[in-house]
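Survey of secondary and tertiary structure
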Amino acid sequence: MGRFLKYFLILLVSIILLLWVYIQSHQPVLRGKLEIPQLTSQVDTYFDEYGIPHIYADNAKDAFRAFGYLHAQDRLFQMDLMRRVGGGRLSEIIGDDMKETDAFFRTLGTNRKAKEDAVRFENAPQQIKEITLAYLEGVNEFVRNGKHPLEYRVLGADPEEFTVEDVYCIAGYMAYSFAYALRTDPLVQDFYDKLGPEYLRSLDLAVTNDILPLDTLRGDSVVPDSLTPQLSLVQPFFPDMLPVPMLQGSNGWALGASKTLSGKVMLSNDTHIKYSAPGTWYEAHIEYPGFGFYGNFISGIPVALVGHTRNHAWGLTMFEDDDSDFFVERFANADSSATVYKDSLEARVAKYSETVKVKGGVDTTFTVYETIHGVLINNHLPIKSDVPISMYWNYTALNNELLEAFHMMNRADNLEDFEKGVEMIASPGLNVTYGDASGNIAQWSASKLILRSDSSDGKLYGKGYASGWNFKDYYSFDANPKTINPERDFVHSANQMHDSTEGELYPGYYAPETRADRIEELLKNQSNATVESAKEAMLDHVSATEADVAHVLAEIIRHSGAVFTNTEEMALEKLELWGGAHDLRDVEPTIYYKFLYHTLLNSLQDEVGDEVFQKLFSTHLLKRSYPKMFREPASPWWDDVKTSAKIETRESIVLKSFQKSVMELEDELGADIQSWTWDRVHSLEHPHVFSAVSILKEFFHVGPFPSTGGNETVNNAGFIFNGNGEYIAHYGPAMRIVIDFADIENAVSILPTGNSGNVMSPHYSDQAEMYVNGKFRKMKMNKKEIGKSNNHLVLLPAQKEE
């Protein structure tokens, strides 16, 4: 027995030692010396206590070679996934499960667009070419000689080297995550066709007209089956949940000198993105002669999308303008080589053969048809269509100058130069919030805005075969919403509909004004704002909109004449008095969201069906519409169309929903209403692409954590409405940043997980608990302070042989 125990202990120690060696050898290298053959001079990198690299180089090329290497060291697998999403190549390493995703992006054409942009890159300004190619040299040096992350071992795959085309594939994936039209317009068209315009009048479509000026397409566009091409050989697919982060919204504001205690400009930004492990943003600080910059970078992109120098700073929110339209097409001949255009003309149809290569499976080849308006998208519509539907999208239709735009914004010396960079952004639409050390603040809505014909405001399908349905032109950038140094001395954006374009509000897929109104309330009377007050504003979890909706519903119930149980009476009283807070120990949001879900279910599902009802939750359309609809007792949505013998009223639907909600909460959370606290039902977590595999989830998954906030609170912890009473926030702030130009070297930030995407790194999830608890850390730019770090990595050029 003693000998057995001895051998067992030796074996156990050996296993632990081997595991320790493996983990140590696969962690990012943070100290010592590394040889990077492409370097021309030594680069010193200091990693702070959160693993953020502070890179000091003698020239731009070496700085970006080093940055590319270090970025790949921390985020290679994420880089790989993102380029494969945009290129339609996930199936090559993941297998059959991603086949439909790949077919979707190949249908959209982000892969073809990336090839075009890579060719155009050859004519890009020299400085952009130099830093991009240097960045890719660094990335590829790590691909060739670095320790690849564990994910590749699990998948049995090896990474390929990166190209300029891959950079643009990543840009294409990013642009798609902004494209709300594909989630929204087909639903609106379906409601219009099946239910009629009276149902749409109860919805808030974020358009300028009260009544859509379009006749129905019902029965108007059907073409003979012989003229309808085979659209795809894969199963219909609508990708709402991708294995990489997707952008959802954001908050951003800038305060002028008269609003701050320091007398200097302050800028705050938190971009709202799908939670994931790793998170979206990678922080890095880069210094070389003539340039000092701290940025938030997307994996695989060499320029920062958010960042600051000692002289200027900016943040982003989604503009959410309407940059896509759908058209019913008629084919002019049986070989589908042309469509009818302007009633009698013919427009050539381009055809692209696309092949999805599948690891361990059968490759799939299909044909993409591109009309004069855009690609046929039938297989990826959330609502089936029996007629050919094409999709126009600004991103694939216009020149892509995102690298040039953000390069100019990264290096701008003043507001005027910065604005030139903003003007270059054609798609996706972005609100850019700006502040500088000279006291300027500004905000621009950047996008190439479509000037539509009088027949269309972009929410219903256009008649691609008829006259009068094509775009007139694009607005000039001067017509875009913008504010520069306003008299009120602050600007803010929370994805709301912004100021006028050519005297009109521009249609889009805007978030409800809930966050924007709350930010306005918090900022408008400030005259001594500080970094601490900005943090408090970012963490605010009060929704006046949801409180107002709760009061409207409670009033309906109170006047119903119903007799309530004790628990129902207490629940009703809480709704009547609720101020909209979503703190961990609050009971009201637990009651409210269960009640809200059942009210929506009982009013909408009978008309639209369960599948479409669930798809509504991924749109801003629903969030904008229910506060309006609940105030309309005559809305047709209240009647249950399945009960022909009677007409349901708002009162009967709301009362039934309330009583069912209280009954379910008692079953799920117990009889004591005071125990129905928000922390029991609302949490956030950061899933990894391997989280769906139970044996791997514990290793890669981060969370869950009980979370304050809710849908469209400033501290946005967004979840999908559901009836099971568990609300897992699937998106929220992907970083929080506060910058005071009175102390630029001590700006603060926080990331949801950590700066590294390497699960072996101590910085994979070291910020996760800080984030959920509302803590921040410094974004260091002071070299003396940075140089005290024990983690000093010296990157050296190749040694010359004697």
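Residues numbered from 1 in each chain as written. Predicted model: local features only at pLDDT ≥ 70, side-chain atom pairs only at ≥ 80, totals over all residues. Heavy atoms only, no water.

In terms of residue burial, strand β10 (residues 324-328) counts as a mostly covered element, since 5 of its 5 residues are buried. On β10, burial covers both faces: S324, F326 and V328 on one face and D325 and F327 on the other are all buried. Here β10 pairs with strand β16 (residues 389-393) via 5 bridges, running antiparallel. For D325, the partnering residue across the bridge sits in β16 and is Y392. Bridge count for β10 against strand β20 (residues 462-463) is 2 bridges, and the pairing is parallel. The residue of β20 that forms the bridge with F327 is G462. (Buried < 20%, exposed > 50% of the residue type's maximum accessible area, 1.4 Å probe, protein only. Helix = DSSP H or I, 4+ residues; strand = E, 2+ residues; numbered from the N terminus. Pairing = 2+ DSSP bridges.)

Sheet architecture is open: 11 strands sit in the order β1-β31-β2-β3-β6-β7-β8-β9-β17-β18-β22, paired in mixed fashion. Strands with a single pairing partner mark the edges of an open sheet, and in this sheet they are β1 (32-35) and β22 (482-484). Across the sheet, the mean angle from the axis of one strand to that of its neighbour is 20°, orientation sign disregarded. Those strands touched by helix α13 (residues 415-423) are β9 (312-318), β17 (430-436), β18 (441-446) and β22, and its axis lies near 15° from that of β18. (Axes fitted to C-alpha atoms, helices over the stretch in contact; angles between N-to-C directions. Contact = heavy atoms within 4.5 Å.)

Running from N to C, helix α18 (residues 588-616) and helix α20 (residues 650-669) point in directions that differ by 135°, and their axes come no closer than 8 Å. Classified by the angle between their axes, α18 and α20 sit oblique to one another. At the point where α18 passes α20, the crossing takes the right-handed sense. Counted together, T590, I591, K594, F595, H598, T599, N602 and S603 of α18 and I653, V654, K656, S657, F658, K660, S661, E664, L665, E668 and L669 of α20 form the full contact between these two elements. Considering only residue class, the contact of α18 with α20 consists of 7 nonpolar, 7 polar and 5 charged. (Parallel < 35°, antiparallel > 145°, perpendicular 65-115°, else oblique. Left-handed = near helix turned anticlockwise from the far one by under 90°. Nonpolar A, V, L, I, M, F, W, Y, C, P; charged D, E, K, R; others polar.)

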